[in-house]
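Here is how the chains run, residue by residue.
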Amino acid sequence: MSTITAIVAGLRAGVAVVPIAHDAGHEERRHILNDSGAVAVLGEHQWNDLEIPTLPLGGVGDSAPRGGVVTDLNGAALVMYTSGTTGAPKGVLLPESAIAACLDGLADAWQWTADDHLVHGLPLFHVHGLVLGVLGALRRGSRLTHTVRPTPEAYAAANGSVYFAVPTVWSRVVNDATSARALSSARAIVSGSAALPVPVFEGLRELTGLAALERYGMTETLITLSTRLDGERRPGHVGMPLAGVATRIRADDGTLAPHDGETIGTLEVRGATVGAGYLGRPDATAASITDDGWFVTGDSAVIGPDGMHRIAGRTSVDIIKSGGYKVGAGEVETSILGFPGVAEVAVVGVADNDLGQRIEAAVVPEDGADINPDAVIDHVARQLSIHKRPRRVHIVESLPRNALGKVQKARLTEQLGATT
Ligand code: MCA
Ligand code: AMP
């Protein structure tokens with residue numbers, strides 16, 4: 001509740017808010033606070049290493065915010081941090097107009113109204129749980145139950161009309177038939193943040209009688225595509241552009257590709273839901289946008305002649321989606337390189353029935369070093385955040401490299417996957 005109060009207070013006061021995960025480790029927290037130029041931390045917290053004042057909720061508190069005005073917020077209402085292929089996470093600037101366009105587009109696609117009772121238990125520091133799951137309910141005036149944990153049992157007990165979850169949660173719901181059947185009184189279940197496997201879509205349909213609505217988006221663009229309540233919900237497909245959004249795909253040779261339902265290209269989007277770039281990173285902002293103003297998602301997609309989209313995968317192996325969380329391999333590698341005795345490391349996403357991808361690391365120790373894999377896992381969990389920890393750390397003699405010395409991540413992923 002204090003997270004929601006703090007965010008709504010910031011939005012109403014016209015102060016940009018930067019959500020930080022409760023489990024953010026010290027490195028991640030320090031990076032986000034410094035990079036965003038935050039002047040105060042709102043609410044209760046258990047962090048004892050802060051150099052900026054905290055303002056408790058429900059009172060003014062003794063501390064005045066530190067001086068200094070951040071000037072390049074570009075009208076952002078929220079600054080949300082997201083991982084890239086390399087380096088530390090970047091702050092995405094999300095103006096109120098983009099948030100409103102996204103929420104209104106989704107309301108139109110899903111016929112979401114004040115009569116709905118939305119249920120979810122997703123974290124409140126990302127677009128899915130916060131923008132859709134909290135600000136969406138506030139904008140529509142619909143009732144919201146946050147289940148704290150997104151467990152099948154908690155979803156079943158909530159008696160909602162609309163449910164949000166990531167595919168990992170939906171897969172767990174399908175594996176718990178009693179809970180799944182309890183959702184059959186809902187009018188809609190919605191999946192997003194990662195690809196919903198077709199067997200999970202089918203399992204949900206069988207147990208709940210509902211064909212899941214699937215929607216696609218990114219922190220940088222908010223939600224841009226969705227299937228519609230009054231349209232076709234085709235398994236493995238993420239629907240059509242929301243009102244005010246346009247899409248196109250670009251082939252490897254740089255030309256725009258046909259919308260023929262077969263050709264795969266990198267998805268580009270433009271429109272009202274797209275954010276205002278990365279905070280303090282004009283280089284990265286410019287690199288993410290084409291000369292004619294389209295945002296390059298980095299996802300491969302196919303667009304049908306009927307406008308139906310299918311996401312075919314990511315163009316970079318260094319972006320991992322685990323449990324719906326986006327994790328940059330480079331960020332985890334940098335953390336592991338800081339662990340005593342590590343000479344080299346490569347981090348990959350291995351296919352996982354529950355998480356979609358699970359983070360695994362191959363570590364080459366320095367000569368004579370004896371590395372405990374569990375200590376490496378704890379190091380990442382403490383330094384970055386719990387969901388960024390590798391689920392397995394393999395101690396290896398060398399990493400597979402090509403003739404130019406570059407680590408062959410596809411080969412490594414295959415090798416690690418085969419050791420399951
Ligand atoms: C385990 N734990 C540890 C460690 N190992 N803690 C510290 N150190 C360790 N080494 C503990 C954790 O504290 C936690 O404890 C427990 O293990 C379980 O954690 P974990 O295994 O990570 O949970 P999980 O079962 O894997 O979680 C699955 C999940 C979660 C619930 C699906 O991944 C999740 O909430 N995903 C949602 C991600 C999301 O919202 N993405 C949206 C991004 P305890 O149980 O006590 O806490 S926005 C986006 O993508 C776009 C815009 C879009 O399209 O939506
Ligand atoms: P994030 O940066 O956490 O906002 O994650 C955005 C990424 O999640 C996108 O670039 C996609 O790779 C992935 N994603 C989100 N929704 C879907 C979906 N419905 N199907 C497949 N991938 C998705």
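In this numbering scheme, every chain counts its residues from 1 along its sequence in written order. Labels follow written order: the first chain is A, the first ligand is 1, and so on. Per-residue local features of the predicted model are confined to residues with pLDDT of at least 70, and side-chain atom pairs are confined, for both listing and counting, to 80 or more; whole-chain, interface and lining totals are unaffected and use all residues. Hydrogens and waters are ignored; side-chain quantities use all the structure's heavy atoms.

## Remarks on helix α6 (residues 167-174)
To keep things clear, this is the line we draw: Throughout, exposure labels follow a simple rule: accessible area from a 1.4 Å probe, protein chains only, divided by the maximum for the residue type, with under 20% read as buried, over 50% as exposed, and the rest as partly exposed. Helix and strand assignments follow DSSP, with helices taken as H or I runs no shorter than four residues and strands as E runs no shorter than two, numbered in order from the N terminus.
The buried count for α6 comes to six of eight residues, which makes it a mostly enclosed element. Within α6, the full set of buried residues consists of P167, T168, V169, W170, S171 and V173.

## A closer look at the side chain of S191
Heads up, the condition is: Should any heavy atoms of two residues lie within 4.5 Å, those residues are considered in contact.
As for its position among the elements, S191 is in strand β8 (residues 188-191). Residue classification places S191 among the buried positions, given a relative accessible area of 1%. Setting aside chain neighbours within four positions, we find S191 in contact with A165, V166, P167, W170, L196, L213, E214 and R215.

## Some details on the environment of G341
Assignment of secondary structure puts G341 in the loop between α10 (329-337) and β18 (342-352). The class of G341 is buried, set by a relative accessible area of 17%. Sequence-wise, G341 and A369 are 28 residues apart; in three dimensions their C-alpha atoms are separated by 5.3 Å. Once residues lying within four places of it in the same chain are set aside, the contact partners of G341 are V364, P365, E366, A369 and I371.

## Some details on the site of ligand 2
This is how the line gets drawn: If even one non-hydrogen atom of a residue comes within 4 Å of a molecule or strand, that residue is called near it. Each polar contact in these results corresponds to two N or O atoms within 3.5 Å; when the atoms are within protein, one needs to be able to donate a hydrogen and the other to accept it, and residues that are neighboring in sequence are counted only if both atoms are side-chain atoms. Residue burial considers only the protein chains on display, and all accessible areas are found by Shrake-Rupley using a 1.4 Å probe. Classification convention: Asp, Glu, Lys, Arg as charged; Ala, Val, Leu, Ile, Met, Phe, Trp, Tyr, Cys, Pro as nonpolar; all other residues, Gly among them, as polar.
Around ligand 2, the structure places 14 residues, and the nearest of them are R215, T219, D299, R314 and K326. One of the side-chain nitrogen or oxygen atoms of D299 is found 2.5 Å away from an oxygen atom of ligand 2. In the model, an oxygen atom of ligand 2 is placed 2.7 Å from a nitrogen or oxygen of the R314 side chain. Protein coverage of the free-state accessible area of ligand 2, which is 500 Å², stands at 91%. A total of four residues in the shell around ligand 2 trace back to one element, the largest contributor, which is strand β9 (residues 213-218). By residue class, the composition of the shell around ligand 2 is five nonpolar, four polar and five charged.

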